[in-house]
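An overview of the molecular structure
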Amino acid sequence: DKALSSIINYSYFGLLLSVIAIPSLIWFQILAFGLFKIVISAMVLFFMIAIVFGIIQIAKLHRINFALPINNNIRQVEELNIFNKRFSLISYLIGFVMVILVIIIALVNNGYIELWRWITFLAAIFAGVIGGIWEYKRVYRRNFKSILQSLEVLKELEEPEVTS
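Described below are features of the structure shown in this document.

The next subject is the environment of Ser 6. Note on placement: Ser 6 falls in helix α1 (residues 2-31). A C-alpha to C-alpha distance of 15 Å links Ser 6 and Ser 150, two positions 144 residues apart in sequence.

We now examine the nonpolar core. By size, the foremost hydrophobic cluster in this structure holds 18 residues, and its most contacted members are Leu 61, Val 77 and Ile 147. Mapped onto this core, the elements with two or more residues apiece are α1, α3 (70-108) and α4 (115-157). Of the residues forming this core, the biggest block, six residues, is contributed by α4. Not counting chain neighbours up to four residues away, the residues in contact with Leu 61 comprise Leu 4, Ile 7, Ile 8, Ser 11 and Leu 80. Core analysis: the next-biggest nonpolar cluster, separate from the first, contains 14 residues, Ala 32, Val 44, Ile 58 and Ile 105 among them.

With respect to the helices and strands, the residue Gln 76 is situated in helix α3. Not counting chain neighbours up to four residues away, the residues in contact with Gln 76 comprise Arg 63, Ile 64 and Asn 65.

Here we take up a positive patch on the surface. Judged by side-chain charge, Lys 85, Lys 137, Arg 141 and Lys 145 come together as a positively charged surface patch. In terms of residue count, α4 provides more of the positive patch than any other element does, three residues in total. Inspection of the secondary structure puts Lys 85 in helix α3. According to the relative accessible area criterion, Lys 85 is partly exposed, its value standing at 42%.

This paragraph deals with the pattern of salt bridges. In the structure shown here, the tally under the stated rule is one salt bridge. When the shortest N-O distance is used, the salt bridge between Arg 75 and Glu 79 registers 3.1 Å. Of the two residues, Arg 75 and Glu 79 are both situated in helix α3; the distance of four residues between them amounts to about one turn of the helix. By relative accessible area, which is 43% here, Glu 79 ends up partly exposed.

Bringing the packing of α1 against helix α2 (residues 36-63) into the picture now. It is the contact of α1 with α2, at a shortest axis distance of 9 Å, that shows an interaxial angle of 160°. Compared by their axis directions, α1 and α2 come out roughly antiparallel. Here the hand of the crossing between α1 and α2 comes out left-handed. Grouping the amino acids of the contact of α1 with α2 by side-chain chemistry returns 22 nonpolar, seven polar and one charged.

Rules used in this analysis
Residues numbered from 1 in each chain as written. Predicted model: local features only at pLDDT ≥ 70, side-chain atom pairs only at ≥ 80, totals over all residues. Heavy atoms only, no water. Helix = DSSP H or I, 4+ residues; strand = E, 2+ residues; numbered from the N terminus. Core = buried A, V, L, I, M, F, W, Y, C linked by side-chain atoms within 4.5 Å. Buried < 20%, exposed > 50% of the residue type's maximum accessible area, 1.4 Å probe, protein only. Contact = heavy atoms within 4.5 Å. Patch = residues over 30% accessible without salt bridge, like charges linked within 9 Å, V, L, I, M, F, W, Y side chains within 5 Å. Areas by Shrake-Rupley, 256 points an atom, 1.4 Å probe, with all protein chains shown as cover. Salt bridge = Lys/Arg side-chain N within 4 Å of Asp/Glu carboxyl O. Lys, Arg positive; Asp, Glu negative; His and termini not counted. Charge placed at Lys NZ, Arg CZ, Asp CG, Glu CD. Axes fitted to C-alpha atoms, helices over the stretch in contact; angles between N-to-C directions. Parallel < 35°, antiparallel > 145°, perpendicular 65-115°, else oblique. Left-handed = near helix turned anticlockwise from the far one by under 90°. Nonpolar A, V, L, I, M, F, W, Y, C, P; charged D, E, K, R; others polar.

Here it is in structure tokens:
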């Protein structure tokens, strides 16, 4: 199914971005000062957790087999949809806490932060919010809905077995 392939491909892409983000953050940690090093360390930990969840998600996606009974596939897709919603919610909550931490750290440092750091911080927040909304609405929700609709149609078309 095209929707399932789209989710699998996007999951691999997200996993790749998470793997790339870790060395980038470690490089930024060298440039950071004070409490920002702690926040960047927390971000590295978050991306490591995201890698683990991404691997679990990809494994669950590959378990969906259209040769199996339709009810089994519907159950697996619904479980994966719930798994994705929970991880998205946890990710957004962690992101919100990180933003609050960065703002508090900036205020504790007497507001002395270079303009380029503020611009980078605001650009990262903007990209994260837009990317998160796009990821959830356009990639996951739409494709999971498409898969479930296709499976429901197949279930309706499936003729009940006639017992003789």
